Amino acid sequence: MTQTTLWRDAQLVTLTPAQGWGLVPDGALLTEGERLRWAGPLAELPAEWRASVAAEQGLDGALVTPGLIDCHTHLVYGGERSAEFELRLQGASYEEIARAGGGIRATVAATRAADEAQLARGAAARARALMAEGLTTLEVKSGYGLSLEQEAKCLRVARGLAGLGLSVRTTYLGAHALPPEFEGRQDDYVDAVCAWMPQLHQDGLIDAVDAFCERIAFTPAQTRRVFEAARRLNLPVKLHAEQLSDQGGAQLAAEFGALSCDHLEYLGEAGVRAMAAAGTVAVLLPGAYYFLRETQLPPMAALREAGVPIALATDHNPGSSPGLSLLLMLNMACTLFRMTPEEALRGLTVNAARALGLADRGRLAAGMRADFCVWDAAHPRELAYYFGRNPLRQTVAGGLPRA
Ligand code: NIG
Ligand code: FE
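Engineer: Would you mind showing me how to read the packing of aromatic side chains here?
Structural biologist: The way to describe two aromatic rings as a pair is by their centre distance and the angle between their planes. A complete count under the given rule lists nine aromatic pairs for this structure. Consider the rings of Tyr 189 and Trp 196, whose centres lie 5.8 Å apart with planes at 70°: the pair is edge-to-face. Among the residues examined, Tyr 189 registers a relative accessible area of 0% and is labelled buried. What makes Trp 196 buried here is its relative accessible area of 14%. Among the aromatic residues, ring-to-ring pairing joins Phe 182, Tyr 189, Trp 196 and Phe 218 into one connected group. Between the NZ or CZ atom of Arg 37 and the centre of the ring of Trp 49, over which it lies, the distance is 4.3 Å. The positively charged end of Arg 389 is found above the aromatic ring belonging to Tyr 386, 4.1 Å away from the centroid.

Engineer: Help me understand the site of ligand 1, please; the structure alone is not making it clear to me.
Structural biologist: Taken together, 15 residues lie around ligand 1, and Arg 81, Tyr 94, Tyr 144, Gln 243 and Ser 320 are the ones closest in. A distance of 2.9 Å is found between an oxygen atom of ligand 1 and a side-chain nitrogen or oxygen belonging to His 263. Spatially, ligand 1 is embedded in the largest cavity.

Engineer: Got a minute to help me understand the domain arrangement of the protein in this structure?
Structural biologist: Quoted interface sizes are often the accessible area lost when the parts come together. Assigned domains of the protein: these are domain 1 (4–66 + 363–401) and domain 2 (68–355). Each of domain 1 and domain 2 has a C-alpha centre, and the two are 30 Å apart. With 27 residues of domain 1 in contact, the opposing surface of domain 2 contributes 20 residues. Taking both partners together, domain 1 and domain 2 bury about 1,700 Å²; carbon and sulfur atoms supply 65% of that area. Considering only the side of domain 1, the residues that lose the most area to domain 2 are Leu 15, Trp 21 and Ala 384, jointly responsible for 28% of the buried surface there. Between the two partners, domain 1 and domain 2, sit zero salt bridges. Elements supplying a minimum of two residues to the side of domain 1 that touches domain 2: strand S4 (55–66), strand S13 (372–375), helix H16 (382–385) and strand S14 (392–397). If you tally residues by element for the side of domain 1 that touches domain 2, the top one is S14, at four residues. In terms of residue class, the side of domain 1 that touches domain 2 is made up of 17 nonpolar, five polar and five charged.

Engineer: Where do I start with the sheet that holds strand S7 (residues 167–175) in this structure?
Structural biologist: The pairing of strands in a sheet happens through backbone hydrogen bonds and is either parallel or antiparallel. Ordered in space as S5-S6-S7-S8, the four strands form an open sheet in which the pairing is parallel. Looking at which strands have only one partner, the edges of the open sheet turn out to be strand S5 (68–70) and strand S8 (208–211). Across the sheet, the mean angle from the axis of one strand to that of its neighbour is 20°, orientation sign disregarded. Pairing of strand S6 (residues 135–141) with S7 involves five bridges; the strand directions are parallel. Bridging across to S7, Glu 139 finds its partner in Arg 169.

Quick notes on the rules
- Residues numbered from 1 in each chain as written.
- Chains lettered and ligands numbered in written order.
- Predicted model: local features only at pLDDT ≥ 70, side-chain atom pairs only at ≥ 80, totals over all residues.
- Heavy atoms only, no water.
- Phe/Tyr/Trp six-rings, centres within 6.5 Å; stacked < 30°, edge-to-face > 60°.
- Buried < 20%, exposed > 50% of the residue type's maximum accessible area, 1.4 Å probe, protein only.
- Lys NZ or Arg CZ within 6 Å of the ring centre and 35° of its normal.
- Near = heavy atom within 4 Å.
- Polar contact = N/O pair within 3.5 Å; in protein donor to acceptor, adjacent residues only side chain to side chain.
- 1 Å grid on protein atoms, 1.4 Å probe; cavity = no way out; pocket = protein on both sides within 12 Å on 5 of 7 lines; lining within 4 Å.
- Sits in = over half its atoms within 2 Å of the grid points.
- Domains from an automatic or database assignment.
- Contact = heavy atoms within 4.5 Å.
- Buried area = accessible area lost by both parts, 1.4 Å probe.
- Salt bridge = Lys/Arg side-chain N within 4 Å of Asp/Glu carboxyl O.
- Helix = DSSP H or I, 4+ residues; strand = E, 2+ residues; numbered from the N terminus.
- Nonpolar A, V, L, I, M, F, W, Y, C, P; charged D, E, K, R; others polar.
- Pairing = 2+ DSSP bridges.
- Axes fitted to C-alpha atoms, helices over the stretch in contact; angles between N-to-C directions.

Spelled out as structure tokens, the structure:
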């Protein structure tokens, strides 16, 4: 029989209502194996379930939220790009550095030069930093290998992070940049990206397909071909859209029923409408906005008005967002994007789950995965208020308390 544990004396932040925190004072959670069997006021726990409890844990009135979900990262890579940071501080733009052969392509060279064990060590250290602030589900994109073998290597490393006690989702981002061996042959490279996809899928290495649709990356027409290849395999798509300019990427992604469009600073009205109609999540990335010293804000009012679900993520990568703090993303989403603390927390939980196509997490309710965080805080808005302070007391992932 699966072990049941009662977690009591908690203030639950269930996020189950469509709006509001869904606070439950004197709350309790009943976990059964890796699932939540019940969540609510302790006084309402059915007597027969109480009788089935094998273990009890008191939480001293601490705040309990769903486990945090980072739905957009590029966590597996070699090297670092601090020299590029210095160049940007001296006035070079991200786009100029990319056009001069630096940027993503510099990381591709370092990633190709690293073996799987080296990449795994680097990625595990970064994943642990995220876990220290309550990460329970992590998405990792490829996109620094840019050949079948190298992309497979990076995706295997990403999948291996599950060994740390995390749920991991992997996204194939072969269409991230043009590798040097395809110089001048961009369409041939897109063909190759599409041709590698069935093999990677067959090897169980991908959950979704992403592309970078931008002046310095791939055109909407090329992105469409990548999405068509994904559709043939029944793989959901996502898009790096309208990060530096409005390419109409969001409309294209919505046409393919994309799980999410990410970045979106330059998203226009038509893109917002298309995303709303398709139920596509807007994944906002305040770390990249901040680190690239972007000044164009994502269209918050239009997204809200159209009812587009908004998620947040670190976008951790060595070029545009080297940060490893989910709590800082909560704070930045509020200070930079004027999100409310509640919108921000939904962005790292229920809406982040949706951006990954996962319906079984991100809220505290019966049937969900038993992924939750215990915080030394009296109110959930404190999670977005502090920065550089980590109030995490404990994480439970898949019903198991993390050491
Ligand atoms: O999400 N925009 C494209 N990809 C990454 C940056 C990758 C890099 O600079 O290495 C991003 O910002
Ligand atoms: Fe990204």
